[in-house]
Amino acid sequence: MTQIQRRDVRAGAKIIRLHFHDCFVNGCDGSILLDNATGIVSEKDANPNVGAGGFDIVDEIKTALENVCPGVVSCADILALASEIGVVLAGGPSWEVPLGRRDSLTANKSGANSDIPSPFETLDVMIPQFTRKGMDLTDLVALSGAHTFGRARCRTFNQRLFNFSGSGRPDPTLDPNYLQTLQRLCPQGGNGDTFANLDKSTPDEFDNGYFTNLKNHQGLLQTDQELFSTSGSDTIAIVANYANSQHKFFDDFVCSMIKLGNISPLTGTKGEIRKDCKRVN
């Protein structure tokens, strides 16, 4: 990960997204990494995973591991471990990653489409998506803080810039100056694959700047700003707490990441240790 991060500053953000999207579908079982094959409809083709990066990083790590200790480290554990390392390399907290996950023999594209929050959701939609996985509001806000590094494509937020919810106007929760910056970057009819920083202040550092941005109405995705701008929501106080205390954010983030990594893992004789993360043995 250290070598990869030197050539790809987005490596940590890519991997932690894969880990999150993996765990939210059938648990942390590496199912997101499987390609289409006989009897397998790949989760990579599900709407929330279109354009996701990091698969090449997993393959690189897996190849190196198989050369040293074949058949020992699962692809699901690689995602969990590389997520922690990526956060640390970007200046974030460290934690001991529970290990022993095994890899699935199947994928669940329909589950990926239904269970992973899209960038366009309201808080009312997101909360049950988390509670169904045993996650609470603190987990929702803390894990959203992973958007303190990484990028997002224009198509994941340009619905906020010109015609929000069919109103003919921009999202009213967007800071006007930030709105103008985003409109220049992502003009109407422009390239939907252009990247924007998820955290406008410190885009490649793992810190609490994301939460300060939300307080300033400068969250990039609708799902980001909803955490602070949904009137009466208990998430507002959590955002404010993290904006005031990076230490508190780091502490809660670590707890939530461990909780995320413990969602329905395959253990014992269930599943397998894949030799190639893209296909079953």
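None of these values were measured; they are calculated from a predicted model.

(A) Molecular detail of the environment of Ile-4. Its place among the elements puts Ile-4 in helix H1 (residues 2-7). Not counting chain neighbours up to four residues away, the residues in contact with Ile-4 comprise Ala-11, Ile-57, Glu-60 and Ile-61.

(B) Spatial organisation of the state of the cysteines. Applying the stated criterion across every chain, the model contains 3 disulfides. The disulfide bridge from Cys-75 ends at Cys-277, spanning 2.1 Å between sulfur atoms. The chirality of the disulfide connecting Cys-75 with Cys-277 is left-handed, given an S-S dihedral of about -95°. With a gap of 202 residues between them, Cys-75 in helix H4 (residues 75-89) and Cys-277 in the segment after helix H12 (246-261) connect regions that are remote in the sequence. Pair check on accessibility: Cys-75 and Cys-277 agree, each one buried. Linked covalently through their sulfurs, Cys-154 and Cys-186 form a disulfide whose S-S length is 2.0 Å. Where Cys-154 bonds to Cys-186 through sulfur, the torsion about that S-S bond is close to -70°, and the disulfide is left-handed. With Cys-154 in the loop between strand S1 (151-153) and helix H8 (176-185) and Cys-186 in the loop between H8 and strand S2 (195-197), this pair connects stretches of sequence that are 32 residues apart. Take Cys-154: its relative accessible area is 1%, and that puts it in the buried class. On the basis of relative accessible area, Cys-186 is assigned to the buried category, the value being 2%. In the protein, the bonded cysteines, taken in the order they occur along the sequence, pair up as 1-2, 3-6, 4-5.

(C) Molecular detail of the packing of aromatic side chains. Evaluation of the coordinates by the stated rule reveals 14 aromatic pairs. An aromatic cluster of at least three residues, connected via ring pairs, comprises Trp-95, Phe-149, Phe-206, Tyr-210, Phe-211, Tyr-242, Phe-249, Phe-250 and Phe-253. In this structure, Arg-10 packs its charged tip against the face of Phe-195, placed 4.3 Å from the ring centre.

(D) Spatial organisation of the pattern of salt bridges. Under the counting rule described, the total for this entry stands at 16 salt bridges. The partner of Asp-35 in a salt bridge is Lys-44, with the nearest N and O atoms 2.5 Å apart. On the basis of relative accessible area, Asp-35 is assigned to the partly exposed category, the value being 26%. Looking at Lys-44, the relative accessible area reads 17%, which means it is buried. Glu-66 serves as the salt-bridge partner of Lys-62, at 2.9 Å between the closest nitrogen and oxygen. Of this pair, Lys-62 and Glu-66 both sit in helix H3 (residues 55-68), 4 residues apart, roughly one helical turn. By relative accessible area, Lys-62 is classed as buried at 2%. Among the charged side chains, a salt-bridge network with shared partners connects Asp-59, Asp-276, Lys-278 and Arg-279.

(E) Here's a closer look at the UniProt feature "domain: Plant heme peroxidase family profile" (unreviewed entry) in the protein. In the numbering used here, UniProt assigns the feature "domain: Plant heme peroxidase family profile" (unreviewed entry) to residues 1-281. Taken end to end, residues 1-281 is 44% helix and 2% strand, and its two terminal C-alpha atoms sit 25 Å from one another.

(F) Up close: the packing of helix H6 (residues 123-131) against helix H7 (residues 137-144). Contact geometry for H6 and H7: axes closest at 9 Å, N-to-C directions at 105°. The pairing of H6 with H7 is recorded here as roughly perpendicular in orientation. Where H6 abuts H7, its residues Leu-123, Met-126, Ile-127 and Phe-130 lie against Leu-137, Asp-139, Leu-140 and Leu-143.

Cut-offs used in this document
- Residues numbered from 1 in each chain as written.
- Predicted model: local features only at pLDDT ≥ 70, side-chain atom pairs only at ≥ 80, totals over all residues.
- Heavy atoms only, no water.
- Helix = DSSP H or I, 4+ residues; strand = E, 2+ residues; numbered from the N terminus.
- Contact = heavy atoms within 4.5 Å.
- Disulfide = S-S within 2.5 Å.
- Buried < 20%, exposed > 50% of the residue type's maximum accessible area, 1.4 Å probe, protein only.
- Phe/Tyr/Trp six-rings, centres within 6.5 Å; stacked < 30°, edge-to-face > 60°.
- Lys NZ or Arg CZ within 6 Å of the ring centre and 35° of its normal.
- Salt bridge = Lys/Arg side-chain N within 4 Å of Asp/Glu carboxyl O.
- UniProt positions renumbered as here; feature names shortened; annotations may be inferred.
- Axes fitted to C-alpha atoms, helices over the stretch in contact; angles between N-to-C directions.
- Parallel < 35°, antiparallel > 145°, perpendicular 65-115°, else oblique.

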